[in-house]
Amino acid sequence: MSRLRCEGWWEQQGLGRQPMEDLQIAFRDGQVSGGGRDIVGVFTLSGQLQGERALLVKQYLGSHHVDYPGSFDGEGTMQGLWSIDGFGGKWMIHVARDAENKQNREVAEIQDWPPTQA
């Protein structure tokens, strides 16, 4: 399962908008996995997509976790309100549209459909 380079951020009162760096995410059968880093530290990201709902958990290595519930637009953008111990703020993650990710979307081969029987 190849990971896609993503761009993301979260907001918190007093800290403003904070970028998620080196963010890479893989999508497979409704499951989301990946990770990156931000001003708090290195983290993993896991969860699932249920139609238009995104249910993610950000786990900081050796530390706390943050719930990231939100929505998924079906085209690479997830957003919502994160929460931990009564604190929260907006967040967004978007699959980057660049040459690095393009290789993951190129058509390798075109086949007739339905397949012909030999």
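If you're wondering where the values come from, they're calculated on a predicted model, not measured in any experiment.

1. Things to note about the overall build of the protein
Along its length, the protein carries 1 helix and 8 strands. Starting at the N terminus, the α and β elements of the protein follow one another as β-β-β-β-β-β-β-β-α. In the protein, buried positions account for 33% of the 118 residues. Sequence-distant contacts, at least 24 apart, represent 26% of the contacts inside the protein between residues at least 6 apart. By element, 49% of the accessible surface of the protein is carried by carbon and sulfur atoms, the whole surface being about 7,800 Å².

2. Topic: the sheet that holds strand β3 (residues 31-37)
What the 8 strands build is a closed barrel, ordered β1-β2-β3-β4-β5-β6-β7-β8; its pairing is antiparallel. Each neighbouring strand pair of the sheet contributes to a mean axis angle of 25 degrees, computed without reference to strand direction. The pairing of strand β1 (residues 4-12) with strand β8 (residues 87-95) spans 5 bridges and is classified as antiparallel. Bridge pairing links G8 to I93 in β8.

3. Here's the deal with the packing of aromatic side chains
Under the counting rule described, the total for this entry stands at 4 aromatic pairs. Centroid distance W10 to W82: 6.1 Å. Interplanar angle 80 degrees. Geometry classified as edge-to-face. Separated by 72 residues along the polypeptide, W10 in strand β1 and W82 in strand β7 (residues 77-84) bring together distant segments of the chain. Overall, W10 belongs to the buried group, its relative accessible area being 4%. A cation over an aromatic ring shows up here: R17 above the ring of W9, its NZ or CZ 3.6 Å from the ring centre.

4. With respect to the confidence of the model for the protein
In the predicted model, the protein carries a mean pLDDT of 87, and 81% of its residues have values of at least 70. Predicted confidence is poor over residues 103-108, with pLDDT under 50, and the contacts of this stretch with residues over four places away or in other chains come to 5 contacts.

5. Observations concerning the pattern of salt bridges
Tallied over the entire structure, the rule returns 5 salt bridges. Measuring nitrogen to oxygen at the nearest pair gives 3.8 Å for the salt bridge that ties E7 to R5. A residue is classified by how much of its surface remains accessible, and E7, at 43% relative accessible area, is partly exposed. The exposure class of R5 is partly exposed, given its relative accessible area of 25%. We note a salt bridge from E11 to R17, for which the minimum N-O separation is 2.9 Å. Take E11: its relative accessible area is 25%, and that puts it in the partly exposed class.

Criteria and thresholds
- Residues numbered from 1 in each chain as written.
- Predicted model: local features only at pLDDT ≥ 70, side-chain atom pairs only at ≥ 80, totals over all residues.
- Heavy atoms only, no water.
- Helix = DSSP H or I, 4+ residues; strand = E, 2+ residues; numbered from the N terminus.
- Buried < 20%, exposed > 50% of the residue type's maximum accessible area, 1.4 Å probe, protein only.
- Contact = heavy atoms within 4.5 Å.
- Areas by Shrake-Rupley, 256 points an atom, 1.4 Å probe, with all protein chains shown as cover.
- Pairing = 2+ DSSP bridges.
- Axes fitted to C-alpha atoms, helices over the stretch in contact; angles between N-to-C directions.
- Phe/Tyr/Trp six-rings, centres within 6.5 Å; stacked < 30°, edge-to-face > 60°.
- Lys NZ or Arg CZ within 6 Å of the ring centre and 35° of its normal.
- pLDDT = per-residue confidence, 0-100.
- Salt bridge = Lys/Arg side-chain N within 4 Å of Asp/Glu carboxyl O.

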